[in-house]
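# Structural overview for review
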Amino acid sequence: MKIFKNPGSFQKYCLSVKKKGTVGFVPTMGCLHEGHLSLIRKSKKTCNKTVVSIFVNPIQFGPKEDFHRYPRPLKNDLSLCRREKADAVFIPENKGFYGDDFSIHIQETRLSSGFCGEFRPGHFSGVLTVVAKLLNCSQPDYVFMGQKDYQQCLVIRRLMQNLNFPVTLMMCPTVREKSGLAMSSRNQYLSPTEKKDAALIHQALRKTQHSYRQQTAKFRGKKWKQLRNDLRSMLRRINNFVPQYVEIVNAETLEKPDNKTEKTVALIAGFLGKTRLIDNIIL
Ligand code: AMP
């Protein structure tokens, strides 16, 4: 497995392997878990070569967020990538990646204004900017991302469509603990009791999905508000969980659903104690 720190050398490598076959790219912030590994496996099945990036991107964190304490177990991450037979890992250094002259920031103005965008100002601009850089370095045919970050997937897909990146985004299913808790590098911050409580978030989403599916198509448009309110009440009953947003929206546009909406998604974010958690479910 090749390891690159220099963006230029990584790009050169990716361009050369692309001549011989397809390249799949898995961008991560490290502290890899089964969710990340599922993306690497999917890429390996789909593409001839798989490249992974590990980079805790400073410009997507707010000033009061956890950039400095974000876990960085690099040695273990590299051995997991090796075990999964990734072909190359890119670990840029902050300074080499964002030079002193760095002055371009990408903004998306529709899909990213609500939800996480509302509660994390500047977050999606930071994500889009780093993803554009990483896509230019890795020149992939496919990029593999998790449904866990549903809004992020839509925003990045829009980036790729609007700015004509010749890349296909593959949104892969959320990998969960046995309890239903969506795996996340930030789950390390949770105490055992908090972990148990956090599992109730997925249970509430599953109940909402079940109720939705029991309704006839005819009534769906009218009942989504009731479903959302029921979901909010279930979440309010979870110890120490303080929701930021709980919404049911059109899964393509993230706007309010109506009678014609075919696919809806329930989106949740909130703090369990000091840890911010997000989750979602397609209804
Ligand atoms: P992160 O390291 O948190 O920035 O995540 C890197 C990629 O892994 C993103 O595309 C995430 O959506 C994806 N990811 C994170 N957690 C999971 C999970 N539990 N299941 C599937 N994909 C995930």
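This section reports on the structure supplied with the text. (Residues numbered from 1 in each chain as written. Predicted model: local features only at pLDDT ≥ 70, side-chain atom pairs only at ≥ 80, totals over all residues. Heavy atoms only, no water.)

Near the ligand there are 15 residues, and of these Met29, His36, Asp149, Val175 and Met183 occur at the shortest range. His36 is positioned such that a nitrogen or oxygen atom in its side chain is 2.9 Å from an oxygen atom of the ligand. One of the side-chain nitrogen or oxygen atoms of Asp149 is found 2.6 Å away from an oxygen atom of the ligand. Protein coverage of the free-state accessible area of the ligand, which is 480 Å², stands at 93%. When contributions to the shell around the ligand are tallied by element, the ones reaching two or more residues are strand 2 (23-28), helix 2 (34-46) and strand 5 (142-146). The dominant element in the shell around the ligand, judged by the number of residues it contributes, is helix 2, at three residues. Here the shell around the ligand is built from residues that sort into seven nonpolar, six polar and two charged. (Near = heavy atom within 4 Å. Polar contact = N/O pair within 3.5 Å; in protein donor to acceptor, adjacent residues only side chain to side chain. Areas by Shrake-Rupley, 256 points an atom, 1.4 Å probe, with all protein chains shown as cover. Helix = DSSP H or I, 4+ residues; strand = E, 2+ residues; numbered from the N terminus. Nonpolar A, V, L, I, M, F, W, Y, C, P; charged D, E, K, R; others polar.)

With that out of the way, let us pick up the side chain of Gln209. Turning to its location among the elements, Gln209 is positioned in helix 8 (residues 192-214). Of the residues examined, Gln209 reaches a relative accessible area of 12% and is grouped as buried. The residues contacting Gln209, other than those within four sequence positions of it, are Ile281, Ile282 and Leu283. (Buried < 20%, exposed > 50% of the residue type's maximum accessible area, 1.4 Å probe, protein only. Contact = heavy atoms within 4.5 Å.)

Let us now look at unusual backbone geometry. You will see that Phe115, though not glycine, has its phi angle at about 55 degrees, which is positive. Along the chain, Phe115 falls in the loop between helix 4 (94-97) and helix 5 (116-119). The phi dihedral of Asn164 falls on the positive side, at around 55 degrees, and the residue is not glycine. Mapped onto the secondary structure, Asn164 falls in the loop between helix 7 (150-162) and strand 6 (168-172). Taking the relative accessible area as the measure of exposure, Asn164 reaches 63% and is therefore exposed.

Quick look at the environment of Asn76 now. Mapped onto the elements, Asn76 comes out in helix 3 (residues 74-83). As for Asn76 and Gly8, which are separated by 68 residues in sequence, their C-alpha atoms are 25 Å apart.

Taken as a whole, this structure holds 11 salt bridges when the rule is applied. The partner of Lys49 in a salt bridge is Asp87, and the shortest N-O contact between them spans 3.8 Å. Residue Lys49 is found in strand 3 (residues 49-54), and its partner Asp87 is found in the loop between helix 3 and strand 4 (88-90); the two are separated by 38 residues along the sequence. Residue Lys49 is classed as partly exposed on the basis of its relative accessible area, which comes to 30%. (Salt bridge = Lys/Arg side-chain N within 4 Å of Asp/Glu carboxyl O.)

Before going further, it helps to spend a moment on the sheet that holds strand 7 (residues 241-250). Backbone-to-backbone hydrogen bonds join strands into a sheet, with any given pair of strands oriented parallel or antiparallel. The antiparallel open sheet is built from three strands, whose spatial order is 7-8-9. Edge positions in the sheet fall to strand 7 and strand 9 (275-282), since each has one partner strand and no second. Taken over all neighbouring pairs, the strand axes of this sheet differ in orientation by 10 degrees on average, direction set aside. Both strand 7 and strand 8 (residues 264-272) contribute to a ladder of nine bridges, which runs antiparallel. Across the sheet, the residue bridging to Asn250 is Thr264, located in strand 8. (Pairing = 2+ DSSP bridges. Axes fitted to C-alpha atoms, helices over the stretch in contact; angles between N-to-C directions.)

Another point: the pairing of strand 3. Of all six residues making up strand 3, five are buried, and the element is well covered by its neighbours. Looking at chain direction, strand 2 and strand 3 are connected through six bridges and run parallel. Bridged to Val26 within strand 3 is Val52. Read from strand 2 through helix 2 to strand 3, the crossover connection turns out right-handed. The sheet contact formed by strand 3 and strand 4 spans three bridges and is parallel. Each residue of the ladder has a partner; that of Val52, found in strand 4, is Val89. (Right-handed = clockwise from strand over helix to strand, strands pointing away.)

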